[in-house]
Amino acid sequence: MVRMLLLPSLGPFHILHPRYNAATVLAILERARPEVLYLASLSPEALETGRWREEDPLLFHVLPWAEERGVPVVALDREAHLKGEAEVFREALAQHPLGKPHLERMAAFDQALLELLKRPLTLEALASGEFLEKIREIYEGFAQAFGEGPATGFRKRRMAQVAQALRGKEGAVLAEVLDYPFLAEAFPGALPKPHEPTEAERERALLDRAWQLREEDDWAGLLEGLFAIGSPEALYLAAQIYLAAGEWREALGLMEEVFRMDFGRPEYLPGYVLARFGQLLDLAGERERALRAYKGVLALSWAPEEARAMAQAGLRTPFRLGHLS
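For the structure given in this document, a descriptive report is provided here. Remember, predicted model here, so these are calculated numbers, not experimental data.

What follows deals with helix 17 (residues 305–316). With twelve residues, helix 17 ought to run about 16 Å at 1.5 Å a step, and its terminal C-alpha atoms sit 17 Å apart, in line with that. Those residues of helix 17 that sit buried are Ala 307, Met 310, Ala 311 and Gly 314. Angularly, the buried residues of helix 17 cover 95 degrees about the axis, an arc narrow enough to put them on a single face. Exposed side of helix 17, more than 90 degrees from the buried face: Glu 305 and Arg 316 are the residues found there. Check the buried side of helix 17 and you find it contacts helix 15 (269–283) and helix 16 (287–299).

So this is what it looks like as structure tokens:
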């Protein structure tokens, strides 16, 4: 086991990177066999209450992995509440008569970060000095323009405290991408080493591609790959493709199959499955079953907001193909 391993979390951007997706992170953790998993950018409260679902989608995959292997998960950001200061700062600027130029400068830094995270990224690239320097440049430019403090959510101060908490510890550390350079500087020997892709990563990449379904994609090729995977998530996504093509009966047949499987994980899946199943049952004229599916979404302890909105709309009005967005 490595003494310490530092990995960046790209949050919702993992879905864009076949060579650094959720399965990549799991494969690296599996190989490292950490005794503890530290979450550098999350508060203990957010971990305990489930607010992590809104903060870092990568944890939908990482937390079940840790639970299955008995790896303790420790959230380290004791001042995570200060992250809200950055949002308050922007809101104050938006209300100020002279705030528009400052908001435009902020947007330029945001865009620079977005463009960096949308480039093809691999583990090797993320561990490189070049990537770390680019992230630092974006962050430091922002901090110099607007101050290190409320505008940045006190990120530098918070990560200094996290680094101090990690001194002498062993395990794996997962850090938000803007926090990652601070910890990389504190623990340069913890940066990840080169990694060979696994079959699980290839499957995850195909699932991620299907979640982003576009008109120009090879839909037949995606379907073939999804059927080969055969998991509840894969069959749900195959049903999505059929529905997008207007073949709702085929989609319903697949969803009936998913419904007979254990589709409890990833945790975001049950809400989507039940909401879409309800819509397809509406198309089949099975309103009573559709209503039960919609109510099932709302009865879940947690479901994605999009799934809840689909269910609430379905309870009000039977779904029709013209409603599909």
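Okay, back to it.
Bringing the packing of helix 15 against helix 16 into the picture now. For the pair helix 15 and helix 16, interaxial distance at closest approach is 8 Å and the crossing angle is 160 degrees. When the axes of helix 15 and helix 16 are compared, the pair comes out roughly antiparallel. Considering only the axes of helix 15 and helix 16, their crossing is left-handed. From helix 15, Gly 271, Leu 274, Ala 275, Phe 277, Gly 278, Gln 279, Leu 281 and Asp 282 reach across to helix 16, where they touch Arg 287, Arg 289, Ala 290, Ala 293, Tyr 294, Gly 296 and Val 297. The class makeup of the residues in the contact of helix 15 with helix 16 is eight nonpolar, four polar and three charged.

As a rule of thumb, nonpolar side chains are buried together in soluble globular proteins. Counting residues in each nonpolar core, the largest one holds 99 residues, and the members touching the most others are Leu 6, Leu 7, Phe 131 and Leu 183. With nine residues, helix 15 is the largest single contributor of residues to this core. Contacts of Leu 183, omitting those with residues within four sequence positions, involve Leu 6, Ala 40, Met 159, Val 162, Ala 163, Val 173 and Ala 175.

Our focus in this paragraph is the pattern of salt bridges. Enumeration over the complete set of coordinates arrives at 20 salt bridges. Between Arg 204 and Asp 208 there is a salt bridge whose closest N-O contact spans 3.0 Å. Within this pair, Arg 204 and its partner Asp 208 are both found in helix 11 (residues 199–211), separated by four residues, close to a single helical turn. The same class applies to Arg 204 and to Asp 208, which are both buried.

Our focus in this paragraph is the sheet that holds strand 1 (residues 4–9). Taken together, four strands build an open sheet; the order of strands is 1-4-2-3 and the sheet is parallel. At either margin of the open sheet sits one strand with a lone partner, and together these are strand 1 and strand 3 (73–75). Taking each pair of neighbouring strands and ignoring which way they run, the sheet shows an average axis angle of 20 degrees. Both strand 1 and strand 4 (residues 171–176) contribute to a ladder of six bridges, which runs parallel. By the bridge assignment for strand 4, Ser 9 is matched with Glu 176. Along the sheet, helix 1 (residues 22–32) contacts strand 1, strand 2 (37–39) and strand 4; its crossing angle with strand 1, the most-contacted strand, is approximately 175 degrees.

Two elements in contact, helix 14 (residues 248–259) and helix 15, have axes whose closest approach is 10 Å; the angle formed by their N-to-C orientations is 135 degrees. Regarding the angle of helix 14 to helix 15, the classification is oblique. Judged by the twist between their axes, the crossing of helix 14 over helix 15 is left-handed. From helix 14, Trp 248, Ala 251, Leu 252, Met 255, Glu 256, Val 258 and Phe 259 reach across to helix 15, where they touch Val 273, Leu 274, Arg 276, Phe 277, Leu 280, Leu 281 and Leu 283. In terms of residue class, the contact of helix 14 with helix 15 is built from twelve nonpolar, no polar and two charged.

Definitions and limits used
Residues numbered from 1 in each chain as written. Predicted model: local features only at pLDDT ≥ 70, side-chain atom pairs only at ≥ 80, totals over all residues. Heavy atoms only, no water. Helix = DSSP H or I, 4+ residues; strand = E, 2+ residues; numbered from the N terminus. Expected span 1.5 Å × (residues − 1). Buried < 20%, exposed > 50% of the residue type's maximum accessible area, 1.4 Å probe, protein only. Arc of directions from axis to C-beta. Contact = heavy atoms within 4.5 Å. Axes fitted to C-alpha atoms, helices over the stretch in contact; angles between N-to-C directions. Parallel < 35°, antiparallel > 145°, perpendicular 65-115°, else oblique. Left-handed = near helix turned anticlockwise from the far one by under 90°. Nonpolar A, V, L, I, M, F, W, Y, C, P; charged D, E, K, R; others polar. Core = buried A, V, L, I, M, F, W, Y, C linked by side-chain atoms within 4.5 Å. Salt bridge = Lys/Arg side-chain N within 4 Å of Asp/Glu carboxyl O. Pairing = 2+ DSSP bridges.

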